[in-house]
Amino acid sequence: MNTILEEFLELKEILNSFNGLNKDYNWLLTDLDWSYPENYLDYFEDYRIIDDPHNNFWITGENLTELANNKDFHFIWGVFSAFDKNEKIDLDDIKEEPYADGNPNFWVENPIIQHPKAMVELVLWDSSLILLLSKDDDISRNFRNTFEGWKDLIYHNQS
């Protein structure tokens, strides 16, 4: 289920809406525009810092929740891609690097998750809206049940 919410929320609020299901995944964070504290790298299992916005971070669902609960983090842009816990992503060889800023593929008839092995894609869009593309219906349902004003992204793109 693909969803758009035309309001912006803190990552903590979004993850809380998943009712813990975010911990069932490992997450690839890409295309980040964010503010963070000095010790931010302590949260990540692996990372590649190249140049903005081409920095890639690999994090467990548990650590992502901990990171989201830290008041010193603030995300403006970003793509959070969820992978099965058994999936391994080589940060040196990402062929499908998910991105948000300038990506026209969200605004097509039937948007799809950018990385073919990802189960969920959460997109924070310029502090103005949230996109949730998900193969995990429980995550989508929980998100939709928590926040009013959401729209189905497919219908949104048809109007």
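The structure presented is a predicted model; accordingly, all values stated were derived computationally and were not measured. Position labels on residues start from 1 in each chain and follow its written sequence. Residue-level local features of this predicted model are given only where pLDDT is at least 70; pairs of side-chain atoms are given and counted only at 80 or more, and the full residue set underlies all totals for whole chains, interfaces and linings. Here the side-chain values reflect all heavy atoms present in the structure, with hydrogen atoms and water set aside.

## A few points about the side chain of Asn26
Thought 1: Secondary structure is summarised from DSSP: a helix means a run of H or I of at least four residues, a strand means a run of E of at least two, and numbering begins at the N terminus for each. By secondary structure assignment, the location of Asn26 is in strand β2 (residues 25–35).
Thought 2: Three labels apply to residues, based on accessible area from a 1.4 Å probe with only protein chains included: buried if under 20% of the type maximum, exposed if over 50%, partly exposed otherwise in between. Relative accessible area serves as the criterion here: at 8%, Asn26 is assigned to the buried category.
Thought 3: Between N or O atoms, a polar contact is any pair within 3.5 Å; within protein, one atom must be a potential hydrogen donor and the other a potential acceptor, and residues adjacent in sequence are included only when both atoms are from side chains. A distance of 3.4 Å separates the side chain of Asn26 from the backbone oxygen of Lys85, its partner in a polar contact.
Thought 4: The contact rule is simple, with two residues in contact once any of their heavy atoms fall within 4.5 Å. Among all residues touching Asn26, those that are not within four sequence positions of it are Trp58, Ile59, Thr60, Gly61, Ser81, Ala82, Phe83 and Lys85.

## A closer look at the pattern of salt bridges
Thought 1: We define a salt bridge as a contact between a side-chain nitrogen of Lys or Arg and a carboxyl oxygen of Asp or Glu at a distance within 4 Å. Following the criterion strictly, the structure yields nine salt bridges and no others.
Thought 2: Lys85 is paired through a salt bridge with Glu62; the nearest N and O atoms lie 2.9 Å apart. Placement of the pair is Lys85 in the loop between β5 (74–84) and β6 (120–125) and Glu62 in helix α2 (residues 61–69), with a sequence separation of 23 residues.
Thought 3: A relative accessible area of 38% places Glu62 in the partly exposed class.
Thought 4: The partner of Lys95 in a salt bridge is Asp93, with the nearest N and O atoms 2.9 Å apart.
Thought 5: One connected set of salt bridges, linked through shared partners, spans Asp46, Arg48 and Asp92.

## A look at α2
Thought 1: Of all the positions in α2, only Gly61, Asn63, Leu64, Thr65, Leu67 and Ala68 are classed as buried.
Thought 2: If you follow the buried residues of α2, they end up packed against α1 (11–17), β2, β4 (54–60) and β5.

## Digging into the nonpolar core
Thought 1: Definition of nonpolar core: a set of buried residues of the types Ala, Val, Leu, Ile, Met, Phe, Trp, Tyr and Cys, connected through side-chain atoms within 4.5 Å. If you look at the biggest cluster of nonpolar residues, it comprises 32 residues, and the most contacted ones within it are Trp27 and Phe80.
Thought 2: Elements supplying a minimum of two residues to this core: α1, β2, β4, α2, β5, β6, β7 (129–134) and α3 (137–146).
Thought 3: Broken down by element, the residue count for this core peaks at five residues, all from β2.
Thought 4: When near neighbours in sequence (up to four residues on either side) are disregarded, Phe80 contacts Leu11, Trp27, Leu28, Leu29, Leu32, Leu64, Phe75, Val120, Glu121, Leu122 and Leu124.
Thought 5: Counting residues in hydrophobic clusters, the runner-up holds 19 residues, among them Phe83, Leu91, Ile94 and Val123.

## What to know about α3
Thought 1: Burial in α3 covers these residues: Ile139, Ser140, Asn142, Phe143 and Arg144.
Thought 2: Considering only its buried residues, α3 is in contact with β1 (2–5), α1, β2, β6, β7 and β8 (151–152).
Thought 3: Two to three positions downstream of the cap, the backbone nitrogen of Asp138 sits 3.0 Å from a side-chain oxygen, assigning the N-cap of α3 to Asp136.

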